[in-house]
Amino acid sequence: MTTNAAERLVDLLDLEQIEVNIFRGRSPQESLQRVFGGQVAGQALVAAGRTTEGDRPVHSLHAYFLRPGRPGVPIVYQVERVRDGRSFTTRRVTAVQQGRTIFNLTASFHKPEEGSFEHQLPPARKVPDPESLPTVTQEITEHLGSLPEQLERMARRQPFDIRYVDRLRWTPEEVENAEPRSAVWMRAVGPLGDDPLVHTCALTYASDMTLLDAVRIPVEPLWGPRGFDMASLDHAMWFHRPFRADEWFLYDQESPIAVGGRGLARGRIYDLEGRLLVSVVQEGLFRKLGP
């Protein structure tokens, strides 16, 4: 069952090439109001990577979510070959659904150079080993006594195992005065193969799953009824080292500010040895629901 979820993710990222610089991606029919942003970002990066020689891994991407995508409707990715230089390759991708642009992305590719200096700040805190932590479904089941049917269906389709470093908060009293920080261990629930581009795009998919949680932590419990409608506005990533998305990685997240209906979140992704793999920044829109 879990392997099928990983296979579905790999299949979702395997775009159909319909012209030299044009690709088509599936958008699964789900109960969500809009297409998951990580899916669009991951597919767009696949499209960009498919137009390069393959010897230069992506080192950064910058993207904007312009309109909500419709589940069940294919998305067409149009790639502009901006630059093929001696050291860097640049691609611009426009995602179109039913004739309307819903997303755009610029990605830069660079072959790592030998002989340069290196440094890295250590992780901000020590965290428990991922295998010692409960899964999200285990925490929800323990709190509620059973897993609601809708969440059980979601869990079966979930391509990533997510384990929160800090115990989930369930009441307003637990949320009050909580710092806008969160950390999760993640890995794909099954093997993703050996193509580095697939792992990069899979992690891009995962990077949008929990990052805006850091903005909500001081306001409401992460699981249960939401008081806010939220949507990703933009997304930026910098890839520092090679990695596999089907091996454990720590996603350390914080929100330095939320104001004017927008919240900013920053994330750092580490491997089990504490090596910084990826840096992420995202801004989200938050609108209060109800009267």
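Look up: the structure comes first, before these words.
In this text, all values refer to a predicted model and were calculated from it rather than measured experimentally.

Reading the values: the criteria
- Residues numbered from 1 in each chain as written.
- Predicted model: local features only at pLDDT ≥ 70, side-chain atom pairs only at ≥ 80, totals over all residues.
- Heavy atoms only, no water.
- Pairing = 2+ DSSP bridges.
- Helix = DSSP H or I, 4+ residues; strand = E, 2+ residues; numbered from the N terminus.
- Axes fitted to C-alpha atoms, helices over the stretch in contact; angles between N-to-C directions.
- Contact = heavy atoms within 4.5 Å.
- Buried < 20%, exposed > 50% of the residue type's maximum accessible area, 1.4 Å probe, protein only.
- Arc of directions from axis to C-beta.

Structural notes on the sheet that holds strand 9 (residues 228-239)
Step number 1: Pairing within the open sheet is antiparallel, and its 12 strands lie in the order 1-2-4-5-6-3-9-12-11-10-8-7. The sheet terminates laterally at strand 1 (16-19) and strand 7 (160-164), the two strands that pair on one side only. With strand direction ignored, the average angle separating the axes of adjacent strands in the sheet is 25°.
Step number 2: By the bridge criterion, 5 bridges tie strand 3 (residues 58-65) to strand 9 in an arrangement that is antiparallel. From the neighbouring strand, Tyr-64 faces strand 9, where its bridge partner is Asp-234.
Step number 3: Helix 6 (residues 196-207) contacts strand 3, strand 7, strand 8 (181-188), strand 9, strand 10 (249-259), strand 11 (262-270) and strand 12 (276-288) of the sheet and is inclined by roughly 145° relative to strand 9.

Quick notes on helix 3 (residues 136-144)
Step number 1: Here helix 3 has its buried residues at Val-136, Glu-139 and Ile-140. For helix 3, the arc enclosing every buried residue in end-on projection is 95°, short of the 170-degree limit, so these residues lie on one face.
Step number 2: Looking one or two places after helix 3, you find Gly-145, whose phi comes out positive at around 95°.

What to know about the environment of Met-237
Step number 1: Turning to its location among the elements, Met-237 is positioned in strand 9.
Step number 2: Classification of Met-237 as buried rests on a relative accessible area of 0%.
Step number 3: Distance from Met-237 to Leu-61, taken between C-alpha atoms, is 5.3 Å for residues 176 residues apart in sequence.

The values reported here are purely geometric and, on their own, carry no functional implication.
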